[in-house]
Amino acid sequence: MRKKEIEKIPYLGLSRVKSGKLVEYVAVTDIRQVGKEPCLFVEVYRNRKDTGEIPAVRIALTQKDFGSYFPESGTWSRGKIIGESWQDTEMIWMVGAGIQMSEKEAAERNVLQSPEDLERIKGFLKGIKAWKGLWWEYIEKKQEDIIWKERSERNSRRWERRKKALEERGANTEELPEQRILQYAEDNLFIREHRLYYKKHGARATVACSGCGGVTDRRWRPGQSYESQFEVKMEEPRMGLYGTCPMCGRQGKFVPQGKARTTERETRHLFLGQKYKGTGMVMRYIEVEKKWRLELTCGEKGLEMCGAGESLDGIEIARTYLEPGKKAKTDYHKHSRENGEDFWDDCNLYGLNNINIRPAPIMGETYGNMKGTFLQYSAMKEYQRAIREDINPVDYLERYLDTPQIEMLVKMGLTELVGELVKCHYGIVGDMEARRPDTFLGIRKERLAQLIRHKGDRHILEVMQMERRMGQNWTEGQVEQLAELGMGRLVEALDYMGIQKYLNRVSKYAGCGYGTMCSRASGRLKETAQMYLDYLGMRKKRGYDMTNSVYLFPRKLEAAHAKMVEECNKEEYDKRTQEVNERFQMIKKNYRKLRKRFFFQDDEYMIRPARDAGEIVREGRILHHCVGGDTYLERHDTGQSTILFLRHREAPETPYITVEIGTEALEIRQWYGAHDKKPDRDRMQKWLDVYKTWLKCGNAAAGGMEAGMMAAGA
Ligand SMILES: [Zn+2]
């Protein structure tokens with residue numbers, strides 16, 4: 001809009017006030033030249049004698065643009081004559097009046113000065129239709145039209161820009177060294193992946209090798225005759241195993257002729273990073289497909305192998321551009337079904353085929369190409385080498401650009417933590433802005449060396465972060481011991497005692513020390529720490545004096561814990577025990593019989609069935625799991641399954657692990673320790689596996705059981 005020019009044009013003026021009480025506004029129109037363009041003026045006047053020559057609003061419309069000028073405030077607006085919906089907004093000149101009215105009422109209040117005005121509007125806005133016949137409808141529709149055209153032009157300009165940028169990126173991207181990529185894939189991704197198709201007949205076999213393409217017939221079993229001893233032999237072909245081609249010496253997988261598909265294909269992926277525009281990089285994600293084929297011909301005895309071969313093909317499916325100061329941009333290679341052509345697009349969405357960039361091997365030259373780019377200090381090579389598995393370099397480099405501290409962390413050997421960051425787990429960061437590793441991670445400065453020794457172990461880091469948050473100053477040993485316990489609700493215990501006292505107590509109750517690297521000891525420590533916290537919590541809840549050392553440090557934790565559990569739930573517990581013992585009487589009646597069958601113990605553990613239903617309820621309560629529920633009780637009661645208690649021999653009355661075993665098939669349906677967790681998981685699983693075998697083979701093999709248990713313990 002040529003606003004200044006429009007403001008200079010005198011107002012049209014209201015020639016006379018309209019009669020009729022309802023009329024509040026009168027619109028006057030005219031067409032004037034603004035610059036070289038004809039412009040429709042719609043001036044809306046208050047229908048009052050004192051209105052004079054000044055309208056409430058002047059709406060100016062050309063074929064391509066519009067604007068409304070409010071003389072009172074001297075401001076311009078790009079609002080439409082009415083809002084999106086009739087109910088939402090009043091006409092532009094009544095904004096703020098807060099009047100809601102029907103269209104009929106509006107038409108009575110807002111009128112045109114004369115019928116010529118309507119003709120003028122229609123004539124100027126040719127092609128615009130007003131379904132309801134309201135004069136302002138023409139103007140609103142035209143304004144709507146203009147807005148739509150502008151929007152779609154803006155979109156197509158943006159699309160043009162994107163397309164140009166895409167083309168520009170493509171033009172600045174180096175050629176792919178195709179031969180080199182295929183060679184790399186053959187040597188690194190498809191190692192020994194040749195096919196040795198074979199068909200055995202007696203002591204001989206026909207072999208077709210995809211590596212050299214040859215077909216041969218060889219003896220694989222030495223013959224009886226003197227001559228056959230000297231015949232060149234080959235190893236016996238066996239499906240799925242790898243062997244050596246007797247013709248070319250390549251290694252490949254044996255596939256029997258009968259099982260071979262004529263064409264078999266497999267794909268692998270790799271990354272190649274190249275320089276882009278000097279200091280930037282483009283990380284190219286390439287899919288390599290290997291095809292093996294077996295050639296068959298119709299021979300005397302049916303299908304015969306007459307040749308074999310293989311081929312490699314590569315296709316780049318995505319590339320990510322990384323440039324200083326810019327967001328990473330990924331382009332995707334797509335295939336158009338309409339015209340059958342391949343093309344590049346800067347958007348991944350295309351039909352149902354989304355391209356996923358996953359971790360894959362990175363070609364070695366990537367690191368050489370990285371020198372001199374803004375990524376040369378990303379430490380990606382060191383990181384990749386340290387974690388020894390495939391990474392997604394795009395993820396890594398994007399994270400590095402967000403968080404350049406990654407370089408420092410990798411070089412310190414804190415690779416486990418970098419792995420978390422690459423996965424976008426930023427919860428481990430103390431201060432994103434920090435330059436020093438200790439403040440970045442939110443730990444005390446003195447802790448760094450210890451954390452490095454532990455290669456950035458997450459549990460150790462958590463303890464160190466807690467130490468700093470709590471303003472504590474623990475010893476290295478304490479940090480490691482706390483990490484071994486798992487942090488749990490440690491803070492609660494620290495209300496009652498110092499950190500060292502807590503650690504010592506847990507170790508004493510558990511009956512084992514820290515740092516043994518023994519899974520059983522660690523499991524026991526964790527479980528004891530949890531139980532101790534449980535116990536303290538219950539004491540506090542019951543209102544005991546938490547400064548009294550008798551309550552704080554019971555002589556036997558397990559017994560004291562069990563006692564507190566019962567005390568906490570005594571009434572309810574008694575009622576339930578009585579009830580289940582009446583309802584599920586077979587549990588008690590069958591106890592002797594089941595014990596004979598299921599009881600077992602070795603040096604450390606014992607396992608036995610429940611004595612009665614009440615005991616199962618108690619087990620469930622103490623271990624905080626659901627075995628005391630009716631479902632389990634009923635299954636045991638009716639003999640579908642048996643609930644077994646697995647316990648430490650030195651504490652036979654203390655619940656440890658509860659096992660449900662199928663009474664018929666003896667399959668272990670489930671086993672759980674406290675809080676539905678599986679304490680000392682691997683070891684206890686092995687123990688139970690051996691126990692199950694022992695059950696199935698009958699108790700006769702008891703000697704074997706012990707040997708098995710020892711193996712499991714080792
Ligand atoms: Zn060969």
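Cut-off values and rules
Residues numbered from 1 in each chain as written. Predicted model: local features only at pLDDT ≥ 70, side-chain atom pairs only at ≥ 80, totals over all residues. Heavy atoms only, no water. Helix = DSSP H or I, 4+ residues; strand = E, 2+ residues; numbered from the N terminus. Buried < 20%, exposed > 50% of the residue type's maximum accessible area, 1.4 Å probe, protein only. Contact = heavy atoms within 4.5 Å. Donors = N, O, S within 2.8 Å, 3.2 Å for Na, K, Ca; no water. Expected span 1.5 Å × (residues − 1). Domains from an automatic or database assignment. Pairing = 2+ DSSP bridges. Axes fitted to C-alpha atoms, helices over the stretch in contact; angles between N-to-C directions. pLDDT = per-residue confidence, 0-100. Phe/Tyr/Trp six-rings, centres within 6.5 Å; stacked < 30°, edge-to-face > 60°.

The subject of this paragraph is the side chain of E527. Structurally, the position occupied by E527 is in helix α17 (residues 519-541). E527 gets classed as buried once you look at its relative accessible area, which sits at 18%. In this structure E527 touches H648, Y656 and P679, once residues within four positions along its chain are discounted.

The protein atoms that coordinate the zinc ion are C209 (SG), C212 (SG), C245 (SG) and C248 (SG), at distances spanning 2.2 to 2.4 Å. Going along the chain, you hit the donors of the zinc ion in the pattern C-x2-C-x32-C-x2-C. Here C212, found in the loop between β8 (204-209) and β9 (215-219), pairs with C245, found in the loop between β10 (242-244) and β11 (251-256); they are 33 residues apart in sequence, far enough to count as distant. By relative accessible area, C245 is classed as buried at 3%.

Looking now at unusual backbone geometry. Its identity as a non-glycine residue notwithstanding, K277 has a phi of 50 degrees, on the positive side. For K277, the location among the structural elements is in the loop between β12 (263-276) and β13 (280-299). What makes K277 partly exposed here is its relative accessible area of 39%. Here the phi dihedral of L666 falls at roughly 60 degrees; this positive angle occurs in a residue that is not glycine. Structurally, L666 can be placed in the loop between β20 (657-662) and β21 (668-672).

With that out of the way, let us pick up helix α16 (residues 499-510). In this model α16 runs 17 Å from its N-terminal to its C-terminal C-alpha over twelve residues, within 8% of the 16 Å that 1.5 Å per residue would give. After α16 finishes, the residue G511 shows a positive phi value of roughly 75 degrees.

Okay, the domain arrangement of the protein chain next. Domain parsing of the protein chain yields domain 1 (3-149), domain 2 (178-345), domain 3 (371-465), domain 4 (474-568) and domain 5 (571-713). Once you take the C-alpha centre of each, domain 1 and domain 3 turn out to be 64 Å apart.

Moving on to the sheet that holds strand β15 (residues 329-335). In space, the five strands of this open sheet follow the order β12-β13-β14-β15-β16, with antiparallel pairing throughout. Whereas interior strands pair on both sides, the edge strands pair on one side only; in this sheet they are β12 and β16 (342-345). Sheet twist, expressed as the average angle between the axes of neighbouring strands with direction ignored, equals 20 degrees. Where β12 lies against β13, 14 bridges are found, and the strand directions are antiparallel. Along β13, the bridge assignment pairs L270 with I286.

Further remarks concern the confidence of the model for the protein chain. As a general rule, the predicted coordinates of low-pLDDT regions are not to be interpreted in detail. Looking at the protein chain as a whole, the pLDDT averages 86, with 93% of positions reaching at least 70. Across the protein chain, element-level confidence peaks in helix α6 (residues 365-370) with a mean pLDDT of 95 and bottoms out in helix α26 (residues 702-713) with 46. Overall, residues 700-714 carries pLDDT values under 50, and its contacts beyond four positions in sequence, including any with other chains, amount to 17 contacts.

What follows concerns the packing of aromatic side chains. Enumeration according to the criterion identifies 17 aromatic pairs in this entry. Considering the side-chain rings of Y383 and Y396, the 4.9 Å spacing of their centres and the 25 degrees angle between planes classify their relative orientation as stacked. Here the residue Y383 occupies a position in helix α7 (residues 380-387), and Y396 occupies one in helix α8 (residues 393-402), the gap between them amounting to 13 residues. Per residue, the accessibility class of Y383 equals that of Y396, and both read buried. Taking 5.3 Å as the distance between ring centres and 65 degrees as the angle between the ring planes, the aromatic pair formed by Y509 and Y532 counts as edge-to-face. With Y509 in helix α16 and Y532 in helix α17, the pair connects residues that are 23 residues apart, well separated along the chain. Among the aromatic residues, those joined into a cluster by ring pairs are F600, Y605, Y656, W687, Y691 and W694.

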